[in-house]
Each structure stands twice: as structure tokens, then as C-alpha cells.
Amino acid sequence: MAHPFAHPERADDYGLLAVGGDLKPETLLAAYRHGVFPWYDEGDPILWWSPDPRAIFELDGLHISRRLRRTLRSGRFKVTFDRDFGSVIRGCAEGREEGTWITPDMMDAYETLHRLGHAHSVEAWRDEKLAGGIYGVAVGGLFAGESMFTRVRDASKVALVYLVERLRDRGFQLFDIQFLTDHTKSLGAFEIPRIEYLRRLRQALKAPATFA
């Protein structure tokens, strides 16, 4: 299927590439393959982005502090994959002072992607309760991390460590996180130019990786 997007290099200075469209699975998957993702507030039209620079994690570059290593060794959290995608995406939407871009339509769209085998979650459990997690989209050897949340200290970091290990073990080549934050920077994320991201994306899409 031909993608419906202009070339990412045509995005404006803020990274905005297109307005409108839909969140059907085929549209979302075409977007990720093209280096584009949706991000918008409830009540706004769908906005499609391809920022420059782009934030990523190198799969061998995650920074794990000594305290986090102790937490991992303690077995304090139980980690699962794709056990409760719906609760993870809702956890990512809750309690954000700045509001959330994870609108009901976005939840529905990504839960559909999950049922089709393209969106995945990592859950960190403490005493059988969901303590934190991450969700994202897998296409070829690309994993596009969408959001993470924590209810118990270090829960999302533990989930991230397990996610990176899984991506590395399953043949993924590119872990995209879209925008850099102070939190992800402290964990080893960094920015690369969009042109470099698109080059790496093309290579990653050829990889025979599988999340399941």
C-alpha cells in the first residue's frame, strides 16, 4: 500500500508534517514505516509529526544505575509482556498535569493494533498490582516506544530494562522514543538528526525481528 504522507523532510520547523486523516491500522502502520507518528490533543484534528532531531535509545546503551541494578536483583517486581495492554495504555494516560494526548480515539486505535499483533506492552507488577509499564508499536526491526508510566518507584524503569533486553534478543535494530525528556536522557536516550533516523529506519524495517 502506498503511504499517504509527504516526505518527512517537508515537516515544518516544529516537526508537524500533516493534519487530518484517520487512525486505522493501515494508516498507523504506514506512518511508522514512513517515520511519522500521530500526536494531538482531544478536540483537535489528528496531527502527524516527524521531528528533527529524533530521540532514540541504543539497544546497548541503556544507563542502569547501581540502585536500579539492586532493584532488578531484588525481584521486587514481576515483569510480563502483553498481559494487560489496555491497563498499560490507560495508566500512561492518567494523572498527567499537562494533560494527555492519549485520547479515547488513540486508545481504541492502539488497542486495535495490539489485537492485530503490532502494538505491545510491558507490565511491571508489585504484589499482583500493576505498578508501571510501557507500550509501543513494532514494525519490522523498529520498536516505537509511545509512553510509559509508574505508580511505584522504579517500576517503569524496570519495565524499560526488560523491554530493551527483549528487543535486543529478538533482532530489533531501532528503538524510537520520538522526543527527548530529562527522564529518558538520564537513562541514556539521545537525539539524532532526522535524516539519520530515516536512514536507520529503512535498515530496521528490513530486519526479521519479532516481538512475540
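Please refer to the structure higher up on the page.
All of the points below concern the structure found in this document.

Thresholds, definitions, all that
Residues numbered from 1 in each chain as written. Predicted model: local features only at pLDDT ≥ 70, side-chain atom pairs only at ≥ 80, totals over all residues. Heavy atoms only, no water. Pairing = 2+ DSSP bridges. Helix = DSSP H or I, 4+ residues; strand = E, 2+ residues; numbered from the N terminus. Buried < 20%, exposed > 50% of the residue type's maximum accessible area, 1.4 Å probe, protein only. Contact = heavy atoms within 4.5 Å. Core = buried A, V, L, I, M, F, W, Y, C linked by side-chain atoms within 4.5 Å. Axes fitted to C-alpha atoms, helices over the stretch in contact; angles between N-to-C directions. Salt bridge = Lys/Arg side-chain N within 4 Å of Asp/Glu carboxyl O.

## Focus on the sheet that holds strand S1 (residues 16-19)
What the three strands build is an open sheet, ordered S1-S3-S2; its pairing is antiparallel. Looking at strand neighbours, the two that pair on one side only are S1 and strand S2 (37-38), the edges of this open sheet. Where S2 and strand S3 (residues 47-49) come together, two bridges link them in antiparallel fashion. By the bridge assignment for S3, Phe 37 is matched with Trp 49.

## Some details on the side chain of Asp 154
Inspection of the secondary structure assignment puts Asp 154 in the loop between strand S8 (142-150) and helix H5 (155-169). Taking relative accessible area as the criterion, Asp 154 reaches 6% and is therefore assigned buried. When neighbours within four sequence positions are excluded, Asp 154 is seen to be in contact with Arg 67, Leu 68, Thr 71 and Phe 77.

## Looking at the nonpolar core
Ranked by size, the top nonpolar core spans 43 residues in total, and within it Tyr 110 and Tyr 135 carry the most contacts. Grouped together as the second largest cluster of nonpolar side chains are 28 residues, Leu 160, Leu 163, Leu 167 and Phe 172 included.

## Considering the sheet that holds strand S5 (residues 78-81)
Judged by pairing direction, the sheet is mixed, and its seven strands sit side by side in the order S5-S6-S7-S8-S9-S4-S10 without closing on themselves. Each edge of the open sheet carries a strand with a single partner, namely S5 and strand S10 (190-192). Pairwise comparison of adjacent strand axes, ignoring direction, gives a mean angle of 35° for this sheet. Two elements, strand S4 (residues 54-57) and S10, share three bridges in a ladder whose sense is antiparallel. Following the sheet pairing, Ala 55 is matched in S10 by Glu 191. Contacts from helix H1 (residues 25-33) reach strand S7 (129-139), S8 and strand S9 (174-178), with the element oriented near 75° to S7. The strands touched by helix H4 (residues 104-115) within the sheet are strand S6 (119-126), S7 and S8, with S6 carrying the most contacts at an inclination of about 95°.

## Let's talk about the pattern of salt bridges
Scanning the entire structure with this criterion turns up seven salt bridges. Residue Asp 176 pairs with Arg 54 through a salt bridge whose shortest N-O separation is 3.0 Å. Taken together, the residues span a long stretch of sequence, with Asp 176 in strand S9 and Arg 54 in strand S4 at a distance of 122 residues. Here Glu 94 and Arg 151 are joined by a salt bridge, their closest N and O atoms 2.9 Å apart. In this pair, Glu 94 sits in the loop between helix H3 (85-93) and H4 while Arg 151 sits in the loop between S8 and H5, placing the two residues 57 residues apart along the sequence.

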